[in-house]
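Listed below, chain by chain, are the residues.
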Amino acid sequence: MFIVVLEAEAVSIIDSKQANAQVVVGELTLIDVRSPEEWRETGIPRGATALTIHNRNGIEGFVAAVTQLMDGKKDRPIALICARGWRSFRAANALLKAQFTKIWNLREGMLGNPLDGPGWIRRNLPVEHCNHC
């Protein structure tokens, strides 16, 4: 894992293979923060929860939705994924500011980026259709 510092917040990085392995054994909650259109286009990582950062109540609404999803337990491990790592980074920082303590950014995202790797899809990791998207 790597640490990236921006705006005085440290966000841990995890790659898609590590995240998938931890999701499979139930050690990590994976949240796909992309838009519903993106979920319909590519599917979401198998085992992930689709919870958009594009919440109608802004980033505060996203944080509230994650808090509800996690039953208020802010010490449970969470990884966030988007297309290429920027929105998940923004979401991770918002959760850290809200006192979540175990947050990882799956920075290579679903589609990959030149710095971090090919992404979930190109690594041929499992995806599923989002039933409520």
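Residues numbered from 1 in each chain as written. Predicted model: local features only at pLDDT ≥ 70, side-chain atom pairs only at ≥ 80, totals over all residues. Heavy atoms only, no water.

## Focus on the nonpolar core
The cut-off we apply is this: Throughout this description, the term nonpolar core refers to a set of buried Ala, Val, Leu, Ile, Met, Phe, Trp, Tyr and Cys residues connected via side-chain atoms within 4.5 Å. Between buried and exposed lies partly exposed: a residue is buried under 20% and exposed over 50% of the maximum accessible area for its type, with that area taken using a 1.4 Å probe on protein chains only. Secondary structure elements are defined from DSSP: runs of H or I of at least 4 residues count as helices, runs of E of at least 2 residues count as strands, and each element is numbered from the N terminus. Only heavy atoms matter for contacts: two residues are in contact if any of them lie within 4.5 Å across the pair.
Residues F62, V66 and L80 are the most contacted members of the largest nonpolar core, which totals 22 residues. Secondary structure elements with two or more residues in this core: α3 (58–69), β6 (78–81) and α4 (86–97). In terms of residue count, the dominant contributor to this core is α4 (six residues). When near neighbours in sequence (up to four residues on either side) are disregarded, F62 contacts V33, L51, T52, I53, N55, L80, A91 and L95. In terms of nonpolar packing, the next biggest core, distinct from the first, is built from 13 residues, I14, L28, L30 and I81 among them.

## Some remarks on a nonpolar patch on the surface
Going by this rule: Residues enter a patch when their relative accessible area is above 30% and they make no salt bridge; the linking distance is 9 Å between like charges and 5 Å between nonpolar side chains (Val, Leu, Ile, Met, Phe, Trp, Tyr). Accessibility throughout is a Shrake-Rupley quantity obtained with a 1.4 Å probe, and a residue counts as covered only by protein chains that appear here. What counts as a salt bridge is simple: a side-chain nitrogen of Lys or Arg found within 4 Å of a carboxyl oxygen of Asp or Glu.
A cluster of nonpolar side chains, L111, I121 and V127, forms an exposed patch at the surface whose accessible area comes to about 190 Å². Overall, L111 belongs to the partly exposed group, its relative accessible area being 34%.

## Examining the packing of α3 against α4
How we decide: All axes are obtained by fitting lines to C-alpha atoms, using only the stretch in contact for helices, and the reported angles, taken between N-to-C directions, cover 0 to 180 degrees. Angular relationships are summarised with four words: roughly parallel below 35 degrees, roughly antiparallel beyond 145, roughly perpendicular across 65 to 115, and oblique for the angles in between. Here a crossing is called left-handed whenever its near helix is offset anticlockwise from the far helix by less than a right angle, and right-handed whenever the offset is clockwise. Amino acids are sorted into nonpolar (Ala, Val, Leu, Ile, Met, Phe, Trp, Tyr, Cys and Pro), charged (Asp, Glu, Lys and Arg) and polar (every other residue, Gly among them).
As a packed pair, α3 and α4 sit with axes 10 Å apart at the nearest point and diverge in direction by 70°. One finds that α3 runs roughly perpendicular with respect to α4. In the packing of α3 onto α4, the handedness of the crossing is right-handed. On α4, the residues that touch I59, F62, V63 and V66 of α3 are R90, A91, A94 and L95. For the contact of α3 with α4, a count of residues per class yields seven nonpolar, no polar and one charged.

## Re the pattern of salt bridges
If you walk through the whole model with that rule in mind, you get five salt bridges. For D32, the salt bridge identified is with R34, shortest N-O distance 2.8 Å. The buried category is assigned to D32, whose relative accessible area is 0%. R34 gets classed as buried once you look at its relative accessible area, which sits at 2%. One salt bridge connects R40 with E37, and the closest N-O pair in it is separated by 3.7 Å. Separated by three residues within a single helix, R40 and E37 lie in helix α2 (residues 36–42), roughly one turn from each other. Residue class for R40 comes out partly exposed when judged on its relative accessible area of 47%.

## Observations concerning the side chain of N113
Stated precisely, the cut-off is as follows: Nitrogen and oxygen atoms within 3.5 Å of one another constitute a polar contact, given that in protein one can donate a hydrogen and the other can accept it, and given that sequence-neighbouring residues count only through two side-chain atoms.
Note that N113 resides in the loop between β7 (103–105) and α5 (119–122). For N113, the side chain forms a polar contact with the main-chain oxygen of R107, separated by 2.9 Å. Not counting the four nearest positions on each side in its chain, N113 is found in contact with R84, R107 and E108.

## Thoughts on α3
Because the α-helix completes a turn every 3.6 residues, residues three or four places apart line up on one side. Rule in force here: Multiplying 1.5 Å by the helix residue count minus one yields the expected span of that helix.
Taking 1.5 Å per residue as the helical rise, α3 with its 12 residues ought to reach 16 Å, and the 17 Å between its terminal C-alpha atoms agrees with that figure. Here α3 has its buried residues at G61, F62, V63, A65 and V66. Along its buried surface, α3 packs onto β3 (29–32), β6 and α4.

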